[in-house]
Structure formats: C-alpha cells, structure tokens
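Geometric and topological summary
What follows is the residue order along each chain.
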Amino acid sequence: MNFNRLARHYDWLEALTAGGRLQRARTHWLDALAGRRRILSVGEGHGRFAAACLARFPEAELTCVEASPAMLAVAQERTRGMPGRVRWECRDALAEQPDQSYDAIVTCFFLDCFAPDELAAVVRQLAAGATEDAVWLVTDFNVPPRGLARWRARAVHALMYAFFRVVTKLPARELTPPDAELERQGFLLAGRHDTEWGLLRADVWERRRGAKKLRRPVAGPPEALS
Ligand SMILES: C[S@@+](CC[C@H](N)C(=O)[O-])C[C@H]1O[C@@H](n2cnc3c(N)ncnc32)[C@H](O)[C@@H]1O
C-alpha cells in the first residue's frame with residue numbers, strides 16, 4: 001500500500017468526513033501512557049497522534065515509524081518546534097523487528113489496513129518489540145455485532161475500503177478485529193471506548209501480568225491501569 005498520494009489531502013479529508021471524531025478516538029486513552037518511557041507509534045501517518053503525545057508527554061522518547069515519505073513529511077511539519085524527543089523512521093514497520101523494547105505501542109487506524117492472513121503476523125511482530133509490561137493503544141474502525149449500527153458501519157466500511165483500495169492499494173477488503181492475536185501475545189483488554197454508534201473503537205491493552213480483564217467495555221478513564 002502507498003499513502004504518498006493522499007498525504008497532502010489527509011487533513012482536509014479527515015476534517016470534512018469526520019470533524020474531530022478521529023482525533024478524539026486517537027487520544028481517548030492518551031493518559032494510559034503516563035510514565036511510559038519508550039513509545040512506538042506504528043503507521044503514524046500525518047502526525048496527529050504524535051503531536052498530542054509530544055504535547056502531553058514531552059519527557060518520553062517517541063519513535064514514529066511510517067512507510068510513506070510524504071506522510072512522514074506532513075507529520076514532521078506538524079510537530080516541528082514542539083517539545084519532546086521524537087525519532088522518525090521512514091520504513092516498512094514489518095520488514096524488521098523493532099530494534100529495542102518499547103513499553104508502549106500505539107497503532108491508530110493502522111491494524112485495520114491489513115487482511116486477516118497478514119494481521120496476525122503484524123501483531124506478532126510488533127508485540128515482539130514490546131516489554132513484558134507494555135501497554136498498547138489500538139484505535140481503529142469497528143463493526144458492531146448487530147442492528148442498525150452494524151448495517152451503518154458496514155455501509156461506511158464498504159465506501160471507505162473501496163476508496164483506500166483505489167487510492168492507496170490497501171490490501172484489506174474489510175475489517176479484521178485484532179483482539180484474538182493481541183490476547184495470544186499476552187495482552188489483556190484494560191479499557192474500551194466505542195463511539196459513533198460503534199463505528200470507532202479506542203482500546204487500551206495491557207501486558208502486565210495479573211492485569212484485570214474487564215468483562216464489559218468501559219467509557220471512563222483507565223482505572224484498570226492504576
Ligand atoms: C490509514 S493510515 C493511518 C494514519 C494515522 N495513524 C491516523 O491515525 O490517521 C495508515 C498509515 O500506515 C502507514 N503504513 C501502512 N503500512 C505500513 C508499514 N508496513 N509500515 C509503516 N507504515 C505503514 C501508511 O503509510 C499510512 O500512513
């Protein structure tokens with residue numbers, strides 16, 4: 001897939017189609033990164049997560065991996081002059097193992113780019129670069145299990161995946177939830193926040209041994225992490 005063609009249009013497309021909703025989802029669990037020293041954001045894109053993260057945690061080391069040079073340039077422009085340490089890596093995040101251990105991984109609208117047969121390998125590879133007590137913030141689109149919300153989400157997804165397939169050669173045809181593979185890699189769901197009739201999902205997954213698994217989605221701050 002190649003996001004270069006979209007890079008200069010990403011901001012206005014997002015503003016036009018979603019207003020501030022995607023950014024609210026990206027940053028919903030930002031406070032769960034408090035105290036984390038090495039944060040890895042994969043498929044960072046146009047830098048909206050990075051900007052929020054640097055503003056909130058200037059003392060952390062943030063590494064942003066992004067395959068598209070044009071997207072990365074937009075992200076660098078956005079965060080220029082901000083406080084904090086950020087390392088930009090323009091590369092395929094899946095071509096090699098992360099070169100150090102990260103105590104936080106962030107994927108915003110990244111895992112939903114992959115088809116089922118690739119997704120498990122993507123999650124495995126990134127999890128291999130996470131410490132034993134890492135947190136993983138996952139923000140993605142979602143398909144609710146039933147009802148009108150499900151049909152609405154399916155219609156939105158059909159349009160969205162068709163658009164991205166044509167413009168970026170996105171391999172995925174539909175959404176594959178990463179939950180099962182995250183659990184196989186030792187992560188437990190510590191907080192879930194669904195919005196927009198279940199179309200948007202912001203999760204915080206935690207690898208700490210003995211982490212409490214929540215039965216139902218929670219909408220408040222991540223108490224399970226305290
Ligand atoms: C749908 S966009 C999401 C961008 C941003 N994270 C956001 O929240 O909107 C997916 C991003 O992942 C990047 N990407 C896709 N595959 C990648 C890979 N294998 N390694 C690094 N970046 C990748 C794309 O270039 C694109 O910028």
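Details of the structure are given in the entry above.
A brief structural summary. It should be emphasised that the depicted structure is a prediction, and the values quoted were computed from it without experimental measurement. (Residues numbered from 1 in each chain as written. Predicted model: local features only at pLDDT ≥ 70, side-chain atom pairs only at ≥ 80, totals over all residues. Heavy atoms only, no water.)

Describing the packing of aromatic side chains
Enumeration over the complete set of coordinates arrives at 6 aromatic pairs. When the ring of W136 is compared with that of F187, the centres are 5.4 Å apart and the planes differ by 85°; the resulting orientation is edge-to-face. Here F187 lies in the loop between helix 7 (179–184) and strand 6 (188–195) and W136 lies in strand 5 (residues 130–141), a separation of 51 residues in the sequence. Residue classification places F187 among the buried positions, given a relative accessible area of 0%. In this structure an aromatic cluster arises from ring pairing among F3, Y10, F163 and F164. Over the face of the ring belonging to W197 we find R152, whose NZ or CZ atom lies 5.2 Å from the ring centre. (Phe/Tyr/Trp six-rings, centres within 6.5 Å; stacked < 30°, edge-to-face > 60°. Helix = DSSP H or I, 4+ residues; strand = E, 2+ residues; numbered from the N terminus. Buried < 20%, exposed > 50% of the residue type's maximum accessible area, 1.4 Å probe, protein only. Lys NZ or Arg CZ within 6 Å of the ring centre and 35° of its normal.)

Details of the sheet that holds strand 4 (residues 102–108)
In space, the 7 strands of this open sheet follow the order 3-2-1-4-5-7-6, with mixed pairing throughout. The open sheet has two free edges, formed respectively by strand 3 (85–90) and strand 6, since each of these has just one partner strand. For this sheet, the mean inter-axis angle between neighbouring strands, taken without regard to orientation, is 15°. As judged from the 5 bridges shared by strand 1 (residues 38–42) and strand 2 (residues 61–66), these two strands associate in the parallel manner. Bridge assignment links S41 to a residue of strand 2, and that residue is C64. Of the strands in this sheet, strand 2 and strand 3 are in contact with helix 4 (residues 69–79), which crosses strand 3 at around 165°. (Pairing = 2+ DSSP bridges. Axes fitted to C-alpha atoms, helices over the stretch in contact; angles between N-to-C directions. Contact = heavy atoms within 4.5 Å.)

A look at the site of the ligand
Around the ligand lies a shell of 20 residues, among which R26, G43, E66, D92 and A93 are the nearest. E66 places a side-chain nitrogen or oxygen 2.5 Å from an oxygen atom of the ligand. Between the ligand and the protein, one listed contact pairs a nitrogen atom with a backbone N or O atom of C108 at 2.8 Å. Relative to its unbound accessible area of 590 Å², the ligand is 94% covered by the protein chains. Grouping the amino acids of the shell around the ligand by side-chain chemistry returns 11 nonpolar, 4 polar and 5 charged. (Near = heavy atom within 4 Å. Polar contact = N/O pair within 3.5 Å; in protein donor to acceptor, adjacent residues only side chain to side chain. Areas by Shrake-Rupley, 256 points an atom, 1.4 Å probe, with all protein chains shown as cover. Nonpolar A, V, L, I, M, F, W, Y, C, P; charged D, E, K, R; others polar.)

Focus on the environment of F187
The spacing of F187 and A50 is 137 residues in sequence and 23 Å in space, taken between C-alpha atoms. Once residues within four sequence positions are removed from consideration, F187 is found in contact with A127, A130, A134, V135, W136, L182, W205, E206 and R207.

A word on the side chain of R207
Mapping R207 onto the fold places it in the segment after strand 7 (200–206). Buried and unpaired, R207 has E132 as its nearest opposite-charge partner, separated by 7.9 Å. Of the polar contacts made by the side chain of R207, one reaches the backbone oxygen of Q185; its length is 3.0 Å. The residues contacting R207, other than those within four sequence positions of it, are A127, A130, T131, E132, D133, A134, Q185, G186 and F187. (Lys, Arg positive; Asp, Glu negative; His and termini not counted. Salt bridge = Lys/Arg side-chain N within 4 Å of Asp/Glu carboxyl O.)

A look at the pairing of strand 2
A large share of strand 2 lies buried, amounting to 5 of its 6 residues. Sheet topology places strand 2 next to strand 3; 6 bridges connect them, and they run parallel. Opposite L62, over in strand 3, you have V86 as the bridge partner. Crossover connection from strand 2 via helix 4 to parallel strand 3: handedness right-handed. (Right-handed = clockwise from strand over helix to strand, strands pointing away.)

Digging into the nonpolar core
One finds L33, I39, C53, L111, W136, F141 and F187 to be the most contacted residues of the largest nonpolar core, which totals 65 residues. In terms of residues, this core owes the most to one element, strand 5, which gives 7 residues. When sequence neighbours within four positions are dropped, the list of residues in contact with L33 reads I39, F49, C53, F57, A104, V106, V135 and L137. (Core = buried A, V, L, I, M, F, W, Y, C linked by side-chain atoms within 4.5 Å.)

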